[in-house]
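# Structural characterization, general
The primary structure of each chain is shown beneath.
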Amino acid sequence: MEKAFWGMVAGCALAFGILLTMYLNKTGVIDLSPEPATEAVETAGINQKSTMDSDELYALVYGDDWVEREEEMPESETEEKVQEELLYTYEEEVEKSGFVEPDRNDEQEYFMPESSTQSQSSEEEEKEENDTPESKENKEYKYDLYKDHVVIKKYLGKSSDVVIPDTIDNQPVTELASSAFANAKKLVRVEIPNSVTTMGDSVFKSNAALVEVFMPESLTSLGKGAFDGCTNLVKITIPEGVTKILEKTFNNCSSMTRASLPDGVTEIEKQAFYSCSSLQKLTLPEELVSIGDEAFYECSTIDKIVIPDNVTTIGKSAFEGCAKAESIKLGSLVDTMGESCFKDCFLAETVKLSPVLTEIPKEAFLDNVSLTGCKITSNVKTIGESAFEGCLGLTDIVIPSSVETIEESAFANCSALSGLSFKSGVTSIGDSAFIGCTLLDSVELPKSVISIGAEAFSGCTKLSEVSIPKNTLKIKSAAFAGCAFKEITINKICSYQSDSFPEGITISNY
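Criteria and thresholds
- Residue positions are counted from 1 within each chain, in the order its sequence is given.
- Two thresholds apply to this predicted model, a pLDDT of at least 70 for residue-level local features and 80 or more for giving and counting side-chain atom pairs, whereas whole-chain, interface and lining totals are computed over all residues.
- As a rule here, side-chain values cover all heavy atoms of the structure and leave hydrogens and water aside.
- Secondary structure follows DSSP: runs of H or I at least 4 residues long count as helices, runs of E at least 2 residues long count as strands, and numbering of each begins at the N terminus.
- Every accessible area reported is derived by Shrake-Rupley at a probe size of 1.4 Å, with residue values counting cover from the shown protein chains alone.
- Here the term buried applies to any residue with accessible area under 20% of the maximum for its type, exposed to any over 50%, and partly exposed to those in between, with areas from a 1.4 Å probe on protein chains only.
- Paired strands are those between which DSSP finds at least two bridges.
- Centre distance within 6.5 Å is the pairing criterion for rings of Phe, Tyr and Trp, where only the six-membered ring of Trp is used; planes under 30 degrees apart are then read as stacked, over 60 as edge-to-face, and the remainder as tilted.
- In the sections that follow, a salt bridge refers to a side-chain nitrogen of Lys or Arg positioned within 4 Å of a carboxyl oxygen of Asp or Glu.

### Some words on the overall build of the protein chain
Each helix and strand counted, the protein chain has 6 helices and 34 strands in total. When the accessible area of the protein chain is evaluated, it comes to approximately 26,200 Å², of which 48% is carbon and sulfur surface.

Here's what the structure looks like:
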């Protein structure tokens, strides 16, 4: 029985060997011509398998040590082991030859393709080799010469008026590298060719004598701090291809009177125009989405601030110190304002807030002494600390029902505030929220108010009529100190301090 089984195995092996040999010979993978003799011997070896019994077949697979290994293995393991070895031998030979069984995968090639990893690696090496620049130098510039372009690395000249060439060594100049013209103390005027697409970080930084720069329409990238500290730069026109004004691009360009921004600019990063104290006209592009922290900090001569409708974010102190801006108008999509964003805009008389704004942040309009009115929009939930503190011209304010919290000193020292009304919604009035509002004569707090902070209405010397709802459960120290009213009604379980009300007050309970 065992010999019959192995006879069948040998027969199958023989049939496969003959078919494989014929196929490989036909396709040219092997040559079965009479010479050399070694191939005939191998073929004979294959034919010889058809007459072998199982012991001879085992010996062919394992060699002369078969007898010893047969004694060591159980009978079941012996048959299994030989089958595994035969399969391994077959797969090894197929792999060497590159042959693929026709019915295994119709889409496969007959021979193994070149490794994609090796191909990709060789391509990258070739590209890297081709992209390796040659560092060169002439009288005017240090530069890197690439296969198809030039990058200017450093300006070596001494001229005050420079026209950068569009080609060097017959290759186009496409980039001015970081700090390429930085600290060129005599440079007054620069003309950049249309071949240039990129200007790196700090490219003209600290060129105190630089007055005028002509940038090409081809420009698409303007680096951080590109003109940082160019204190005599008067005006600049940014090409249409530039979509971001990066951090400190025009920081401390204190002589700049005009900056023309292209319509495609979507982002102005922090300190982009920091302390451009001579900048008068500012027209922000319609596609603008965000304005970074201190972007226009102390641009003290800007005449008005109009935020386009696509802007959603205004960073901290973005327009702080724009002292001559007479009006502030926020676009309809502004939902986030940073702290102190319009602080010290002394001449701004009106402010129009966005309808989607949810918070008026800390010190947003602090010390805007000319501000006479501001409509708080219906999505605002929080009026932040000192948001309108020191707005000496503010006369009337309506707190909408959306507002839940009025934080510390929110309207402190608004000395012209005479009209204050609340819609139900406010739950907390912070410490010193309305301290020093000396023209305020009456206040009716809504039923939603639960707590009134320390000194909330302290120093409101004309406040002669106050209505506190029965839902109010906490009134802190000196909340109404110095006010003019003589009697008050509160909830009998409301907690208050001995100095929460004016001296000589008559307190009754609901």
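### A closer look at unusual backbone geometry
Of note, Ser179 is a non-glycine position whose phi angle comes to about 65°, a positive value. With respect to the helices and strands, the residue Ser179 is situated in the loop between strand E6 (171-176) and strand E7 (189-191). For Ser179, a relative accessible area of 32% corresponds to the partly exposed category. One non-glycine residue, Ala478, lies in positive phi territory at about 55°. Its location among the elements puts Ala478 in the loop between strand E31 (474-475) and strand E32 (487-490).

### Observations regarding the sheet that holds strand E17 (residues 313-314)
Spatially, 5 strands are ordered E12-E14-E15-E17-E19 in an open sheet, and the strand pairing comes out parallel. Single-partner strands in this sheet number two, and they are strand E12 (244-245) and strand E19 (336-337). Two strands pair when backbone bridges link them, and E12 and strand E14 (residues 267-268) are joined in this way by 2 bridges, in the parallel orientation. Paired with Ile245 across the two strands is Ile268, which belongs to E14.

### Some details on the packing of aromatic side chains
The description of an aromatic ring pair uses the distance of the two centres, along with the angle that the planes make with each other. Under the criterion given, the structure shown has 21 aromatic pairs. Judged by centre distance (5.1 Å) and plane angle (5°), the rings of Phe273 and Phe296 are stacked. Here the residue Phe273 occupies a position in the loop between E14 and strand E15 (290-291), and Phe296 occupies one in the loop between E15 and strand E16 (305-306), the gap between them amounting to 23 residues. Looking at Phe273, the relative accessible area reads 1%, which means it is buried. What makes Phe296 buried here is its relative accessible area of 0%. An angle of 10° between the planes, with centres 5.1 Å apart, marks the rings of Phe434 and Phe457 as stacked. Residue Phe434 is located in the loop between strand E27 (428-429) and strand E28 (442-444), and its partner Phe457 is located in the loop between strand E29 (451-452) and strand E30 (465-467); the two are separated by 23 residues in the primary sequence. Residue classification places Phe457 among the buried residues on the basis of a relative accessible area of 0%.

### Topic: the pattern of salt bridges
Following the criterion strictly, the structure yields 8 salt bridges and no others. With its nearest N and O atoms 3.5 Å apart, the salt bridge here joins Glu191 to Arg189. For Arg189, a relative accessible area of 23% translates into the label partly exposed. By sharing partners, the salt bridges in this structure join Asp161, Arg189 and Glu191 into a single network.

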